[in-house]
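Below are the chains, spelled out letter by letter.
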Amino acid sequence: VSKVFKKTSTSMETIIFHIHGGGFVSQSSFVHQMYVRKWANTIGVPVFSVDYRKAPVYPYPNGLDDCYQTYMWLLYYLEQIFSNFFVIYRRDTKEDHLTGDSAGGNLVAALTCLLIKQGLRVPDGIVLTYPALNLNYNNYTPSLLSSLDEPILPHTYLKIACSLTFKMKAEAELDPFLSPIRSSDEILNKFPPTRIFVGNADPFHDDCCRLAERLAELNKDVKLTVYDTFPHGFLQFDNPPKGHKYCATAIDEVRDALGELIKMK
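Asks: Looking at this structure, how should I read the overall build of the protein chain?
Replies: Scanning the protein chain from terminus to terminus reveals nine helices and six strands. Taken across its 265 residues, the protein chain has 52% of its residues classed as buried. Put simply, 80% of the contacts in the protein chain that link residues at least 6 apart link residues at least 24 apart. With an accessible surface of roughly 12500 Å², the protein chain has 55% of that area assigned to carbon and sulfur atoms.

Here you go:
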């Protein structure tokens, strides 16, 4: 281990907790390293990414429980494990920031709601990139029409992923930890500063706008960035399709949002 981790002056006063996407049924933290590594290197803050259990073998709420357990581990055990390798500052100055895309964005929002409901330490800021905020696939909204010709999130995949993630349709309509857009104003009123990124060709566009609007109505610190013609999954467009050459710029702008939140405290 000593050959891998050399004791440095790197501070874990601030960390970023990343939750990857994949429709709750696929992908891993490794698949998302192409941009997460860039963020860690350019922001200069350690990024911890969790490989949570996935459906259909482990349906909801297993994935959310894994993210919750990881978050609590980072809060209470990180210093004990890594104190031999990094300079650790006092806990009262510690900052935690959550970020996730697609299904990971859903889990970030749901985890934030869960922490608020339980009266636990809420992250200092969250960044949601094209989050899946409403898993009730029978609830129509105009942006869902984009899934009819969406290359990353087609309609069939969306329905299959939802059906494998939870057993009962009523769950997605009523459970705010499954569909965070259903969270009460009482919960949303305790949200930390929030940054949301989505393309206007993304099936999740409308719900991203709705969440931003609800937070704004509660006078919360929220910013919504909408990219023209961008489809779902643009953070992973290392070689973007024709007409989306600015996806690399979006990766930098999401990184800058994380940097902004870190500097706020």
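Asks: What is the right way to read the layout of surface pockets from this model?
Replies: Vacant regions in the atomic arrangement are exposed by a probe of water-molecule size rolled over the atoms. Its boundaries defined by the atoms lining it, the second largest pocket holds a volume of some 260 Å³. Around the second largest pocket, the lining comprises 23 residues; the ones closest to its centre are Gly22, Gly23, Ser102, Leu153 and His232. At four residues, the largest contribution of residues to the lining of the second largest pocket is made by helix α5 (residues 155–165). For the lining of the second largest pocket, the class distribution of residues is 13 nonpolar, nine polar and one charged.

Asks: Please clarify how the pattern of salt bridges should be interpreted in this entry.
Replies: For side chains bearing opposite charge, pairing can occur when the charged atoms are close. Within this structure, the stated rule accounts for eleven salt bridges. Aspartate 124 is the salt-bridge partner of arginine 121, the closest N and O atoms lying 3.2 Å from each other. For the salt bridge of aspartate 207 with arginine 210, the shortest nitrogen-to-oxygen distance reads 3.0 Å. Within this pair, aspartate 207 and its partner arginine 210 are both found in helix α8 (residues 205–217), separated by three residues, close to a single helical turn. Judged by relative accessible area, which is 10%, aspartate 207 ranks as buried. The structure contains a network of salt bridges with shared partners spanning Arg195, Asp221, Lys223 and Glu260.

Asks: Would you mind going over helix α2 (residues 62–76) with me for this structure?
Replies: Structural remark: α-helix, 3.6 residues per turn; residues separated by three or four positions point the same way. Here α2 contains 15 residues, and its C-alpha end-to-end distance of 21 Å stays within 8% of the 21 Å for a straight helix at 1.5 Å per residue. Within the span of α2, buried status applies to Gly63, Leu64, Asp66, Cys67, Tyr68, Tyr71, Met72, Leu74 and Leu75.

Asks: Can you help me understand the side chain of aspartate 96 in this one?
Replies: Tracing the backbone through its elements, the reader meets aspartate 96 in strand β3 (residues 95–101). For aspartate 96, a relative accessible area of 4% gives the class buried. Here the side chain of aspartate 96 touches arginine 121 through a polar contact of 3.0 Å, side chain to side chain.

Asks: Sorry if this is basic, but what is going on with the packing of α2 against helix α4 (residues 103–117) here?
Replies: Look at α2 against α4: their axes get within 10 Å of each other, and the N-to-C directions meet at 65°. Relative to α4, the crossing made by α2 is right-handed. Every residue of α4 that contacts α2 at Gly63, Leu64, Cys67, Tyr68, Tyr71 and Met72 is listed here: Leu107, Ala110, Leu111, Leu114 and Leu115. Per-class residue counts for the contact of α2 with α4 are ten nonpolar, one polar and no charged.

Asks: What exactly am I supposed to notice about the packing of aromatic side chains here?
Replies: The way to describe two aromatic rings as a pair is by their centre distance and the angle between their planes. This model, assessed by the stated rule, comprises six aromatic pairs. With a centroid separation of 5.4 Å and an interplanar angle of 80°, the aromatic rings of tyrosine 227 and phenylalanine 234 are classed as edge-to-face. Each residue in the set Tyr130, Phe197, Tyr227, Phe230 and Phe234 is aromatic and connected to the rest through ring pairs, giving one cluster. The ring centre of tyrosine 58 lies 5.3 Å from the NZ or CZ of arginine 53, which sits over that ring.

Asks: Can you walk me through the confidence of the model for the protein chain in this structure?
Replies: Reading predicted coordinates in detail is not appropriate for stretches of low pLDDT. A residue-level look at the protein chain finds 85% of positions with pLDDT of 70 or above and a mean pLDDT of 86. The low-confidence segment residues 1–9, where pLDDT is below 50, has eleven contacts with residues more than four positions distant or belonging to other chains. In this model residues 87–93 is a low-confidence stretch, pLDDT under 50, and it forms 15 contacts with partners more than four residues away in sequence or in other chains.

The rules behind each value
Residues numbered from 1 in each chain as written. Predicted model: local features only at pLDDT ≥ 70, side-chain atom pairs only at ≥ 80, totals over all residues. Heavy atoms only, no water. Helix = DSSP H or I, 4+ residues; strand = E, 2+ residues; numbered from the N terminus. Buried < 20%, exposed > 50% of the residue type's maximum accessible area, 1.4 Å probe, protein only. Contact = heavy atoms within 4.5 Å. Areas by Shrake-Rupley, 256 points an atom, 1.4 Å probe, with all protein chains shown as cover. 1 Å grid on protein atoms, 1.4 Å probe; cavity = no way out; pocket = protein on both sides within 12 Å on 5 of 7 lines; lining within 4 Å. Points joined across faces, edges and corners; volume = space filled by probe spheres on them. Nonpolar A, V, L, I, M, F, W, Y, C, P; charged D, E, K, R; others polar. Salt bridge = Lys/Arg side-chain N within 4 Å of Asp/Glu carboxyl O. Expected span 1.5 Å × (residues − 1). Polar contact = N/O pair within 3.5 Å; in protein donor to acceptor, adjacent residues only side chain to side chain. Axes fitted to C-alpha atoms, helices over the stretch in contact; angles between N-to-C directions. Left-handed = near helix turned anticlockwise from the far one by under 90°. Phe/Tyr/Trp six-rings, centres within 6.5 Å; stacked < 30°, edge-to-face > 60°. Lys NZ or Arg CZ within 6 Å of the ring centre and 35° of its normal. pLDDT = per-residue confidence, 0-100.

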